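Coordinate inspection notes
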Amino acid sequence: MKKKNTFTDFIDCAHFLIDENLTTTEKIYSMGGSAGGLLMEAVINMEPELFNGVVAAVPFVDVVTTMLDETILLTTGEYDEWGNPNIREHYDYILSYSPYDNIKPRNYPNLLVTTGLHDSQVQYWEPAKWIARLRDENLSDNLILLKTNMEAGHSGASGRFRRYRETALDYAFLLKMEDYHQLLCPNQQSKTTNLSTY
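Notes on the structure follow. Throughout this document, residue positions are counted from 1 along each chain, in the order its sequence is written. It should be noted that, the model being predicted, local features are given only for residues of pLDDT at least 70 and side-chain atom pairs only at 80 or more, the latter also being counted only at that level, while totals for whole chains, interfaces and linings use all residues. The basis for the side-chain values is all heavy atoms of the structure; hydrogens and waters are excluded.

**Re the overall build of the protein chain**
Scanning the protein chain from N- to C-terminus turns up 8 helices and 4 strands. Counted from the first residue to the last, the protein chain has its helices and strands arranged as α-β-α-β-α-α-α-β-α-β-α-α. Only protein chains enter the accessibility calculation, which uses a 1.4 Å probe; a residue is then buried when its area is under 20% of its type maximum, exposed when over 50%, and partly exposed in between. Burial analysis of the protein chain (198 residues in total) assigns 42% to the buried set. The method behind every accessible area is Shrake-Rupley, applied with a 1.4 Å probe, and residues are considered shielded solely by the protein chains displayed. Accessible area for the protein chain stands at about 11100 Å²; split by element, carbon and sulfur atoms hold 52% of it. Counting from the N terminus, the helices are the DSSP runs of H or I reaching at least four residues and the strands are the DSSP runs of E reaching at least two.

Here is the structure:
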């Protein structure tokens, strides 16, 4: 019943970095996976213009629906952590932060969301339906990207070199947000880049 402290603490840390002139809202990014992906998406619902970009890997974004389905792996075993939505007080609290249920028309940041077709912990349809609804409600022109790995599970691609490609995609997204050509060649005119060339 204190889960939302993790979201407000994360937001406070970002504000501290900005207030100390260590970064700006145009230069700050966040990244998290699974329950950390829930953190990312809950935070952007609370303060959508705080971060320039967010990377969310296999994010747990449809908390109410998933926790109500007792046939899904890990659900009932995690009632102690998330709460039991069959209890009204727990249901209302989970609903108050569940990323999918709290999407509203806002200027959402640039987003890269990844998922795996064979994920048994956060099924691929959670981020897919979250992204679809988010695109409908987003008022900004920022990128909202979804990549589904058709061979991976919850921990991403197996094999050393396949993992490198996933990490490279994250970096490519972040560099795109920073206009990496300007960073590498500050005296040359910036060129338009497209992540699809990765």
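**A look at helix α6 (residues 125-137)**
The terminal C-alpha atoms of α6, which comprises 13 residues, lie 18 Å apart, in line with the 18 Å expected from a rise of 1.5 Å per residue. Residues of α6 that are buried include every one of E126, P127, W130, I131 and L134, and no others. When α6 is viewed along its axis, its buried side chains cluster within an angular range of 120° and face the same direction. A helix's residues, less one, multiplied by 1.5 Å, set its expected span. Read the arc as the range of directions from the helix axis to the C-beta atoms.

**Digging into the pattern of salt bridges**
The term salt bridge refers to a side-chain nitrogen of Lys or Arg lying within 4 Å of a carboxyl oxygen of Asp or Glu. Scanning the entire structure with this criterion turns up 3 salt bridges. Note that E178 and K27 form a salt bridge whose closest N and O atoms lie 2.8 Å from each other. In this pair, E178 sits in the loop between α7 (160-177) and α8 (180-184) while K27 sits in the loop between α1 (4-19) and β1 (29-33), placing the two residues 151 residues apart along the sequence.

**As for the packing of aromatic side chains**
Note on aromatic pairs: each is described by the distance of the centres and the angle between the planes. Here a pair means two rings of Phe, Tyr or Trp (six-membered ring of Trp) with centres within 6.5 Å. Their orientation is stacked below 30 degrees between planes, edge-to-face above 60, and tilted elsewhere. Counted by the stated rule, this structure contains 4 aromatic pairs. Relative to W82, the ring of F60 has its centre 5.1 Å away and its plane inclined at 75°; by these criteria the two rings are edge-to-face. Here F60 is found in the loop between β2 (53-57) and α3 (63-68), whereas its partner W82 is found in helix α4 (residues 79-82), with 22 residues between them in sequence. Residue W82 is classed as buried on the basis of its relative accessible area of 7%. Every member of this aromatic cluster is reached through a ring pair, and the members are F7, Y93 and Y97.

Keep in mind that these numbers describe shape and distance, not what the molecule does.
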